[in-house]
Amino acid sequence: MAEKLGLYIHIPFCKGKCDYCDFYSLPDREETMDLYLKALIAHLKETAPLTKGWKVDTVYIGGGTPSYFGAKRISKLLGEVRRRFDVARDAEITCEANPESADRKFLTAVRRSGVNRLSLGMQSACDMELQAVHRLHDFQQVIQAVAAAKKARIKNLSLDLIYGLPGQSLESWKKSLEAALALEPQHLSCYGLKVEPGTPLDGRVARGEILPDDDTQADMYLWTVERLEQAGYPQYEISNFARSGYQSRHNLKYWMGRPYLGFGPGAHSDFGGRRYSFVRDLDRYIRGILGGGSVIDESDIVPHRERGGEYLMLRLRTTRGIEEWEYRREFSMNFDPLEQKLEEYERRGWAVKKDRRWHLTPRGFLVSNQLIGDLLTIQEAATLENTLPRLRNQGVPPNLKGGDEEP
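Residues numbered from 1 in each chain as written. Predicted model: local features only at pLDDT ≥ 70, side-chain atom pairs only at ≥ 80, totals over all residues. Heavy atoms only, no water.

**Structural notes on the pattern of salt bridges**
Logical step 1: Enumeration over the complete set of coordinates arrives at 25 salt bridges.
Logical step 2: When the shortest N-O distance is used, the salt bridge between R73 and D34 registers 2.9 Å. Of this pair, R73 sits in helix α3 (residues 71-84) while D34 is found in helix α1 (residues 33-47), placing the two residues 39 residues apart along the sequence.
Logical step 3: Where K253 meets D57, a salt bridge forms, and the shortest distance between an N and an O atom there is 2.8 Å. A residue pair is termed long-range when its members are at least 10 positions apart, and K253 in helix α10 (residues 249-256) and D57 in strand β2 (residues 54-63) qualify at 196 residues.
Logical step 4: Under the relative-accessibility criterion, D57 is labelled buried at 12%.
Logical step 5: When salt bridges with common partners are traced through the structure, they connect D270, R275, E306, R307 and E310 into a single cluster. (Salt bridge = Lys/Arg side-chain N within 4 Å of Asp/Glu carboxyl O. Helix = DSSP H or I, 4+ residues; strand = E, 2+ residues; numbered from the N terminus. Buried < 20%, exposed > 50% of the residue type's maximum accessible area, 1.4 Å probe, protein only.)

**Some thoughts on the environment of H43**
Logical step 1: Mapped onto the elements of the fold, H43 is located in helix α1.
Logical step 2: Residues H43 and I289 lie 246 residues apart in sequence; the distance between their C-alpha atoms is 6.5 Å.
Logical step 3: Residues within four places of H43 in sequence aside, it is in contact with F263, F278, Y285 and I289. (Contact = heavy atoms within 4.5 Å.)

**Some words on the confidence of the model for the protein chain**
Logical step 1: Per-chain confidence: the protein chain averages 93 in pLDDT, with 94% of residues scoring 70 or above.
Logical step 2: A low-confidence stretch, residues 387-407 stays under pLDDT 50, and its non-local contacts, those more than four residues away or across chains, total 8 contacts. (pLDDT = per-residue confidence, 0-100.)

Next comes the structure, spelled out in structure tokens:
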């Protein structure tokens, strides 16, 4: 049976940059769209032979704003994907869109080209909150875009929302989430606002603008988890909730450590034991692909030991979590020190063990960076303890004291 592979295609164009966004995206570059499409097609053609024996079961077109790229270009891209790769008949094919550029004509065209999942950037149902971060749409356009998606017969709709926006309160967040539920999506992504360095929002905060504090964001998050569970959207990842059978198959590849290939400036890949990324520079990417130059930004072979750390870091983002014998079998490492720490987390209400699997609770997800960081430290110490006896048996003196060999 062929192994499964995901494809990510980055569209770096947008009509306007939101104040919080640090993704690689560029406004005012429409004149480059056709040349970029040519480069993407050339890159797909060049890479496809490396995937012989692999079955592509997810394709994700993200951005930027793919809907701003236009239906004809999206259709050409997907046509090339199907020509060059072995795409499963039931592949999940997602396209991101913003409400102001997702009309029925666009959505019908991309659905006919193979898109069967739409990820729509709603963010808020409050027009003042949308304006505060320079979103280009209002909530009425969200309603219209969702209606257009239904008329275009797209049956898998995901809505993105952000809590912690400037001027947002717990009550206004509740109204936004209820408005999103009323639109009857199959999937919801609810992200806490993060102020990224170098963004316009970062500058605003540095000049004294006040955002909802950590306690308020925590209240928003915990209420969200409870409300969505009640509404039939159980949580399956820190920020993601879905009706049964509608979890994002593509994003689960990232969290489960499955292989994927990325295309476009700033895109990342994890394939063939190597992790690599492309330059975050549109013009350099186009020149490199069409002119035969290098477009690699970073490239590393990932040691098996590091994969063990990723297992903890990524899977503990999900409600599936981790399991002792899965860990021992995959990485030949001792799970006991981790379990002792997880039992401590359980006593504090941060983790739970169910059907032999450990996963974080919603309160644990709130402090997941610290919890997972502590587990990684424990893992590193356990790995070192296992490594030292092997080194001694091989006659290799461990260097533990800044250059002094152990006597």
